[in-house]
Amino acid sequence: MKPAMKLFSFCLLLSFFLMVCSCSGKTLNVNLEGSMKITVYKTSMDVETTFVDSEDALWKNGKAKAYITLSDANNVEKDRKNVTINTATLIGNSITFSQLEANTTYTLKLIASMDGKQKTLQTQTKTTVANGETADDPIEIHTIEDLEAMNKASSAYYKLMADLDGNNEQLSSIFGSASNPFKGHLDGNGKTIRNVLLDDGYTYAGIFGYMDGATVTNLTIENVTYSVDSRGETYLGVLSGCAKKSTIENITITGVRFTFSGYSNRSAKIGSAVGYASDSVLKNVRVSDLVMQIGKSQNSYIGGFVGHNESSEISDCSVEGSMKADILYTNNTGSGYYGGFVGWNDSTKGIQNSYAQVDMDVSDQSEDNLDKDGNPLYTGYEKYILNVGGFVGANSNIDMKLIGCAAIGKINVTVGYAYTVYIGGFAGNIKGHSYLKNCVYVPSETGLQIQLMEQKPVSDEKEETVLPQKASISLGIGNISDKAVLDHVFAYFDRFGYQPQSNADLNQITVQSTVIDQDLTNFSEMIQTVIKTIE
């Protein structure tokens, strides 16, 4: 090949090479700026970004874009996320890098991009949190923000290092869904969380929302509020709306305000401590100054302490306060379970040495449920079952065990439309081979007062009939299975009254006898002390 031809070929290749490099080198030479604020957790990082625009407003007019890369120690890119920039504020959306390894170093780069070219705006190297693997090396919680960040590592060990004040600002349930439950461990370290306004936007409402295999101990909680007008299905408790296979121990809760004002026919499981406890352990948990107002509910499991207890072991626990519940139902479905301690109890593991000092006011308001023309919306109320007890509303056919438990307070029940009613000073309805030993109802002031309203007509296609109201009531246990075993179940005082209306079928009203006794020998010192203050 001639020298001229070789030179021409060389120049041609060089030109092509320079052209490719100019396209693929992607160096962006414009005056764009950006920075990252990175918050590091055990297995994730949160990134906030801010930007400074160029003279020709490349950020604002959307010509320039931004993204963040995350690389490991070997400079291998593990993840990349685009940043959406608010063109008015020049602030980027929050970015989360998750599923990272604990105690691992990563490099994050904020990069500007335009016309196929890039410019690195900032580079930071961060290491994920190492501690939280054991109780001896927990992740420390110093602020409300630290508390809310627990959902970044749901299985870690935590320790509260300072009293926290929520300032009555809304606190989202930290683990508000079953898909991301709390599975870790919190040592409250004797500290206090106070002034909490629980978020009503979650099915599982409570500081820890949904617990599954978790542990919470040594904690005081003061002044908790939850208020909502309309709702869907609700699991609500100060600690947890739902606690499965979890341990809750040495907890003090005071100043609880739960209010539902709107109607709902969706299921509600509500307790001051836990809404629904399943296969869990609750020990030495004390609740005081409870005010619970449940309005216009139909399918309700309402307990002063736990709404629905299933296969959980509860011991040395108590609740003090008041409960007001209005019942309103519109169809043939649902039942109401209201207990000063637990609404619905299905646990052979038992509740022991626990008491409820809760004044209860349960009223059937179904006659107030009218359509726009004033016609009643309620139908099929003859199939609705109401269960009310000073300690437990009812249990299913699963055998349950109650030992050394007390219900203390006055109970007023007004029945308007329910046609099957079980009401007792201690328990409403006890089924199966249940075992109750040393259980007492201590009526204060007027004790247990029941008003059975006039029988209501039921319309069908052929005629209007009046159904007899079936009620089983007692100062002790309203309805008792013949398979149940009772050992020293009694009332401390004889303070009981019921008022059937003029057209009531007295043959359908059963009043169970109750032993009156004041022998407290086999009760815990805690319960004896509380009872002896009642006149």
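Note that the structure is a prediction, hence the values are computed from the model and not measured.

Trainee: Describe the state of the cysteines, and please don't skip the residues or the numbers.
Mentor: Within the structure shown, the criterion is met by zero disulfides. With no disulfide of its own, C317 lies 9.8 Å from the sulfur of C405, the closest cysteine sulfur. Cysteine C405 remains unbridged, with the sulfur of C439 as its closest cysteine sulfur at 5.2 Å.

Trainee: Let's hear about the sheet that holds strand β32 (residues 385–389): which residues, and what values?
Mentor: A sheet is described by the order of its strands in space; here nine strands give the open sequence β15-β18-β21-β24-β28-β32-β35-β40-β44, paired in parallel fashion. Edge positions in the sheet fall to β15 (204–205) and β44 (509–512), since each of these pairs with one other strand and no more. Where β32 meets strand β35 (residues 420–424), five bridges bridge the pair, whose relative direction is parallel. By the bridge assignment for β35, G389 is matched with G424.

Trainee: Let's hear about the sheet that holds strand β8 (residues 105–114): which residues, and what values?
Mentor: The four strands lie next to each other as β4-β3-β8-β9, forming an open sheet whose pairing is antiparallel. Across the chains shown, the open sheet's two edge strands, defined by having one partner strand only, are β4 (77–83) and β9 (117–127). Along the sheet, successive strands turn relative to each other by an average axial angle of 20°, direction set aside. With ten bridges joining them, β8 and β9 adopt antiparallel strand pairing. If you follow I111 over to β9, its bridge partner there is T120.

Trainee: Tell me about the pairing of strand β25 (residues 306–310), and name the residues and values.
Mentor: Of all five residues making up β25, four are buried, and the element is well covered by its neighbours. Of the pairings in the sheet, the one linking strand β22 (residues 274–278) to β25 comprises four bridges and is parallel in character. Bridging from a neighbouring strand, S278 pairs with E310 of β25.

Rules and cut-offs
Here, residues in each chain are numbered from 1, in the same order as that chain's written sequence. The predicted nature of this model means local features are confined to residues of pLDDT at least 70 and side-chain atom pairs, given and counted, to a pLDDT of 80 or more, with totals for whole chains, interfaces and linings taken over all residues. Excluded from the side-chain calculation are hydrogens and water; included are all heavy atoms of the structure. Count a disulfide wherever a pair of cysteine sulfur atoms falls within 2.5 Å. One bridge is not enough; two strands pair if DSSP finds at least two bridges between them. Here a strand is any run of E in DSSP of at least two residues, a helix any run of H or I of at least four, and the numbering for each starts at the N terminus. Helix axes are fitted to C-alpha atoms over the stretch in contact, other axes to C-alpha atoms as well, and angles between N-to-C directions run from 0 to 180 degrees. Any residue under 20% of the maximum accessible area for its type is buried, any over 50% is exposed, and the rest in between are partly exposed; the area is computed with a 1.4 Å probe on protein chains only.

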